[in-house]
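# Secondary and tertiary structure notes
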Amino acid sequence: GAVVSQHPSWVICKSGTSVKIECRSLDFQATTMFWYRQFPKQSLMLMATSNEGSKATYEQGVEKDKFLINHASLTLSTLTVTSAHPEDSSFYICSARPHRGAASYEQYFGPGTRLTVT
Amino acid sequence: GENVEQHPSTLSVQEGDSAVIKCTYSDSASNYFPWYKQELGKRPQLIIDIRSNVGEKKDQRIAVTLNKTAKHFSLHITETHPEDSAVYFCAARSESGAGSYQLTFGKGTKLSVIP
């Protein structure tokens, strides 16, 4: 149980194009999903918290117009990197927290998406 | 906001020896402390967690201790195997300004178990 998938697993795009990454909870409902960015040999940096049916909450320094997040259902959140530039190249990982009321603590991670912008 | 410090950044142990990784946190209101194992190019996997109402938790070769007064928690791996080699992240759950909860991660510890 508690499986999270991400698609695509890797993508190469040209500078100036947009890329959409999907995050799905396969066997549970997740009212909250999180998007992280991870540079090589570094820790996970939270980009935004996505709540189903409401606007995402972005961390300081993350451009909401560049990293569009949509959480339209209890099992799907999407991250769109708009007008991608080489400096956006990174490993993007989502996580989902099972909806078990106020007692829900655990987060389960997707396999990540390797984005390379040329 | 929450700040999590993790030490050491790298750790090498002989197979069969124990490994200990330590973390400190700053927000006394944090109430949940998970540990994740991440192999190269893969997703972080939750290996053990502890809540603030418990001082110690054990699962086979892995244990976590929590000292709320000192605001630090530790991961203990006994009888290490080469397969334990990975990067380990600690995290602390705190309330964000928007009223929801989020995890703040330490910088990670690269554990190498030498056969």
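Before reading on, note that the structure itself is shown above.
Here goes a summary of the coordinates provided. (Residues numbered from 1 in each chain as written. Chains lettered and ligands numbered in written order. Predicted model: local features only at pLDDT ≥ 70, side-chain atom pairs only at ≥ 80, totals over all residues. Heavy atoms only, no water.)

Moving on, we come to the overall build of chain B. Scanning chain B for helices and strands turns up zero helices and eleven strands. Counting helices and strands in the order they occur from the N terminus, chain B gives β-β-β-β-β-β-β-β-β-β-β. Relative to the compact-globule value of 13 Å for 115 residues, chain B shows a C-alpha radius of gyration of 14 Å, a close match. A principal-axis box enclosing the C-alpha atoms of chain B has dimensions of 45 × 30 × 20 Å. A buried classification covers 44% of the 115 residues belonging to chain B. When the accessible surface of chain B is split by element, carbon and sulfur atoms take 47% of a total near 5,800 Å². (Helix = DSSP H or I, 4+ residues; strand = E, 2+ residues; numbered from the N terminus. Rg over C-alpha atoms; globule rule 2.2 N^0.38 Å. Buried < 20%, exposed > 50% of the residue type's maximum accessible area, 1.4 Å probe, protein only. Areas by Shrake-Rupley, 256 points an atom, 1.4 Å probe, with all protein chains shown as cover.)

This brings us to the packing of aromatic side chains. Applying the stated criterion across every chain, the model contains 13 aromatic pairs over all chains. Relative to Tyr36 of chain B, the ring of Phe109 of chain A has its centre 5.1 Å away and its plane inclined at 90°; by these criteria the two rings are edge-to-face. Highlighted residues: Phe109 of chain A in strand E10 (residues 108–109) and Tyr36 of chain B in strand E4 (residues 32–38), drawn from two different chains. For the pair Phe109 of chain A and Tyr36 of chain B, a shared accessibility class is recorded, and that class is buried. Arranged with centres 4.7 Å apart and planes meeting at 45°, the rings of Tyr25 of chain B and Phe33 of chain B form a pair that is tilted. In this structure Phe33 of chain B comes out as buried when scored by relative accessible area, which is 0%. An aromatic cluster of at least three residues, connected via ring pairs, comprises Phe34, Tyr36 and Phe109 of chain A together with Tyr36, Phe89 and Phe105 of chain B. (Phe/Tyr/Trp six-rings, centres within 6.5 Å; stacked < 30°, edge-to-face > 60°.)

For the structure on display, the rule yields two disulfides over all chains. A sulfur-sulfur separation of 2.0 Å characterises the disulfide bridge that pairs Cys23 of chain A with Cys94 of chain A. The disulfide joining Cys23 of chain A to Cys94 of chain A has a torsion of about 80° about its S-S bond and is therefore right-handed. Here Cys23 of chain A is found in strand E3 (residues 19–25), whereas its partner Cys94 of chain A is found in strand E9 (residues 90–97), with 71 residues between them in sequence. The side chain of Cys23 of chain B participates in a disulfide bridge whose partner is Cys90 of chain B; the two sulfur atoms lie 2.0 Å from each other. Here the disulfide of Cys23 of chain B and Cys90 of chain B is left-handed, its torsion about the S-S bond being about -100°. In this pair, Cys23 of chain B is assigned in strand E3 (residues 19–25) and Cys90 of chain B in strand E9 (residues 86–95), connecting sequence segments 67 residues apart. (Disulfide = S-S within 2.5 Å.)

Moving on to the nonpolar core. Grouped together as the largest cluster of nonpolar side chains are 25 residues, with contacts concentrated most on Trp35, Tyr58, Phe67, Ile69, Leu79, Tyr92 and Leu115 of chain A. Elements with a minimum of two residues in this core: strand E2 (10–13), E3, strand E4 (32–38), strand E5 (44–51), strand E7 (67–73), strand E8 (76–81), E9 and strand E11 (113–117) of chain A. Aside from chain neighbours lying at most four places away, what touches Ile69 of chain A is Trp35, Ala48, Ser50, Ala56, Tyr58, Ser77, Thr78 and Leu79 of chain A. Ranked by size, the runner-up nonpolar core spans 23 residues in total, among them Val4, Trp35, Leu75 and Ala86 of chain B. (Core = buried A, V, L, I, M, F, W, Y, C linked by side-chain atoms within 4.5 Å. Contact = heavy atoms within 4.5 Å.)

Our focus in this paragraph is the interface of chain B and chain A. Each side of the interface is counted separately: chain B has 21 residues, and chain A has 23 residues. Buried surface at the junction of chain B and chain A, summed over both partners, amounts to about 1,800 Å²; 52% is from carbon and sulfur atoms. Among the residues of chain B in contact with chain A, Arg43, Arg51 and Phe105 of chain B are the three that bury the most area, contributing 28% of the side total. Inspection of the chain B/chain A interface yields five residue pairs in polar contact (both at pLDDT 80 or more). Of the residues forming the side of chain B that touches chain A, the biggest block, four residues, is contributed by strand E10 (residues 101–105) of chain B. Partitioning the side of chain B that touches chain A into residue classes produces nine nonpolar, six polar and six charged. (Buried area = accessible area lost by both parts, 1.4 Å probe. Polar contact = N/O pair within 3.5 Å; in protein donor to acceptor, adjacent residues only side chain to side chain. Nonpolar A, V, L, I, M, F, W, Y, C, P; charged D, E, K, R; others polar.)

Residues and elements named next belong to chain A. Look at the link from His7 to Pro8: it is a cis peptide, with omega at 0°. As for its position among the elements, Pro8 is in the loop between strand E1 (4–7) and E2. Of note, the phi angle at Lys41 is positive, near 60°, even though the residue is not glycine. Topologically, Lys41 is positioned in the loop between E4 and E5. A residue is classified by how much of its surface remains accessible, and Lys41, at 87% relative accessible area, is exposed.

That is the geometry; function is a separate question.
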